[in-house]
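Below are the chains, spelled out letter by letter.
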Amino acid sequence: MDDDSRIETRAIHAGQEPDPETGALMTPIHANSTYEQDAPGAHRGYEYSRTGNPTRTDLEANLAALEGGAHGRAFSSGMGAINTVLNLLSAGDHVVTSDDVYGGTHRIFTQVYEEYDLSFSFVDTTDPEAVADAVRPETELVWVETPTNPLMRIADIGALAEVAHAAGALCAVDNTFATPYLQRPLEHGADIVSHSLTKYLGGHSDTVGGALVTDDADLDERIGFYQNAVGATPGPFDCFLVLRGTKTLPVRMDRHCENARRLAAWLQGQSCVDRVYYPGLESHPQHDLAARQMDDFGGMLSFELDATLDEAGTVVSETEVFTLAESLGGVESLIEQPAAMTHAAIPPEEREAIGLTDGLIRASVGVEHADDLEADLRRAFEAAGLY
Ligand SMILES: *Cc1c(COP(=O)(O)O)cnc(C)c1O
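Note on numbering: residues in each chain are counted from 1, in written sequence order. Side-chain atom pairs in this predicted model are given and counted only at pLDDT of 80 or more, local residue features only at pLDDT of at least 70, and totals for whole chains, interfaces and linings cover all residues. The basis for every side-chain value is the complete set of non-hydrogen atoms in the structure, without hydrogens or water.

Caption draft 1: Here's a closer look at the overall build of the protein. In terms of regular secondary structure, the protein is built from 14 helices and twelve strands. Radius of gyration: C-alpha atoms only; globule rule: 2.2 Å multiplied by the number of residues to the exponent 0.38. Rg of the C-alpha trace for the protein: 21 Å, near the compact-globule value of 21 Å for 387 residues, within the 12% margin. Here the C-alpha coordinates of the protein stretch approximately 75 × 50 × 35 Å along the principal axes. For the exposure calls, accessible area comes from a 1.4 Å probe over protein chains only, and a residue counts as buried if that area is under 20% of its type's maximum, exposed if over 50%, partly exposed in between. With 387 residues in all, the protein has 55% of them scored as buried. Working rule for contacts: check all heavy atoms of both residues, and any pair within 4.5 Å makes them a contact. A sequence separation of at least 24 residues applies to 72% of the contacts in the protein between residues at least 6 apart. Shrake-Rupley sampling with a 1.4 Å probe provides the accessible areas, and residues are treated as covered by the protein chains on show and by no other component. Taken as a whole, the protein presents about 16,000 Å² of accessible surface, with 48% of it coming from carbon and sulfur. When charges are counted, Lys and Arg contribute as positive and Asp and Glu as negative, whereas His and the chain ends are disregarded. Charged side chains are reduced to one point each, which is NZ for Lys, CZ for Arg, CG for Asp and CD for Glu. Of the charged side chains in the protein, 24 are positive and 64 negative, and the gap between their average positions amounts to 4 Å. Put simply, DSSP marks the helices as runs of H or I at least four residues long and the strands as runs of E at least two long, and each gets a number from the N terminus on.

Caption draft 2: View of the pairing of strand β9 (residues 300–305). For β9, the buried fraction is high: six of the six residues fall into the buried class. Strands are labelled as partners when DSSP assigns at least two bridges between them. Judged from the four bridges that link them, strand β8 (residues 273–277) and β9 form a sheet pairing that is antiparallel. Counted as the bridge partner of V276 is F303 from β9.

Caption draft 3: Local environment of the packing of aromatic side chains. Two rings belonging to Phe, Tyr or Trp (six-membered ring only in the last case) form a pair when the distance between their centres is within 6.5 Å. Interplanar angles under 30 degrees mark stacking, angles over 60 mark edge-to-face geometry, and anything in between is tilted. Counted under the stated rule, the structure contains ten aromatic pairs. Ring centres of F381 and Y387 lie 5.9 Å apart, and the angle between their planes is 80°; this geometry places the pair in the edge-to-face category. For F381, a relative accessible area of 0% puts it in the buried group. Judged by its relative accessible area of 43%, Y387 falls in the partly exposed class. An aromatic cluster is defined as three or more aromatic residues linked by ring pairs; in this entry it consists of F109, F120, F122 and W143.

Caption draft 4: Expanded view of the side chain of N87. Looking at the element boundaries, N87 is found in helix α3 (residues 78–87). Definition of a polar contact: a pair of N or O atoms within 3.5 Å, with one able to donate and the other able to accept a hydrogen when the atoms are protein atoms, and with sequence-neighbouring residues admitted only if both atoms are side-chain atoms. A polar atom in the side chain of N87 sits 3.0 Å from the side chain of Y113. In contact with N87, other than residues within four places in its own chain, are Y113, Y226 and V230.

Caption draft 5: Just the site of the ligand, in detail. By convention in these notes, a residue is near a molecule or strand provided one of its non-hydrogen atoms lies within 4 Å of it. Taken together, 15 residues lie near the ligand, and M79, D174, S196, T198 and K199 sit nearest. Side-chain polar atom of D174 to a nitrogen atom of the ligand: 2.6 Å apart, as the coordinates give it. A distance of 2.6 Å is found between an oxygen atom of the ligand and a side-chain nitrogen or oxygen belonging to T198. For the ligand, whose free accessible area comes to 380 Å², the fraction covered by protein is 92%.

So this is what it looks like as structure tokens:
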């Protein structure tokens, strides 16, 4: 396939040639652990499925093509991918990252890798100077998430990659929220892109997976070493599901963005809503940066209700089209209350300090009809006595 083709075309075709033997269009699910060798060591590209599996190979090629990188590696979860980036570091190394990084990322940093003598600084990554100030001689990684979860803060990937490179560190970007359809961090100078495939790339809330993409062959070789040595690799059926998902990524994202834009505007006009966090709104503090760095603003939004923890809890319990659940990025709309769910592990004072108030609600806006989503929220606000 032509490497210059557009992302809509790559999503469907990259890494997915019809099977040369049978002509089957779809990549088969190679449910298989080991491979025949012609002589000891003389294999035909595959020897054992932890090391490589043909279904996974097609997915990895597809993901690399979507991000505009030369090399993709798939993992059994987003955390498996993130763990592998940390495997690249050594005891004594230091990492600078965002103070509202994904909860699981915060957990693996502080509860797993601090034990292995890595250290982490959590700073406001919307401010490149704060990141530069946090850099130390032993800094080896700047870990960026943009937009962040759940406050949709936007970090300037190009500026942070420069800060990282000036320090001789790698810049890795968790691109789960934006997806490569809206934002391609490698184009802005990042060294590694990380994904939870569980979210938009899989897109149907039916599998868990992760990925790393890089343009650097040496880096990819090191990532591949840990992928095989540690073994958090996905099975072929999961790879098949994600490949099925990526084909429709562009059309799904268009609708996610359209629906989120519309709901964000509607929420802004509601008297019980104090604040809407959506990078597509002109009121968003980094709206201009988002407009430069992203092709559209995504399907995730948060809003702060003028409500108690219980009232906000009633809102998310009363919705019917929005399902009360953690996770995001599927075709169906999900809603949750960070202070009671995804971010409950953060101590209340710390939560309040970074803006995760009791009345904050996060929505993963799905691809249903926007009228139904709006009516659903209106009904839930009424049920909670907020109208
Ligand atoms: C879900 C998520 C992860 C972790 O991915 P899993 O597939 O759940 O392991 C990492 N980063 C972000 C931004 C996520 O939303």
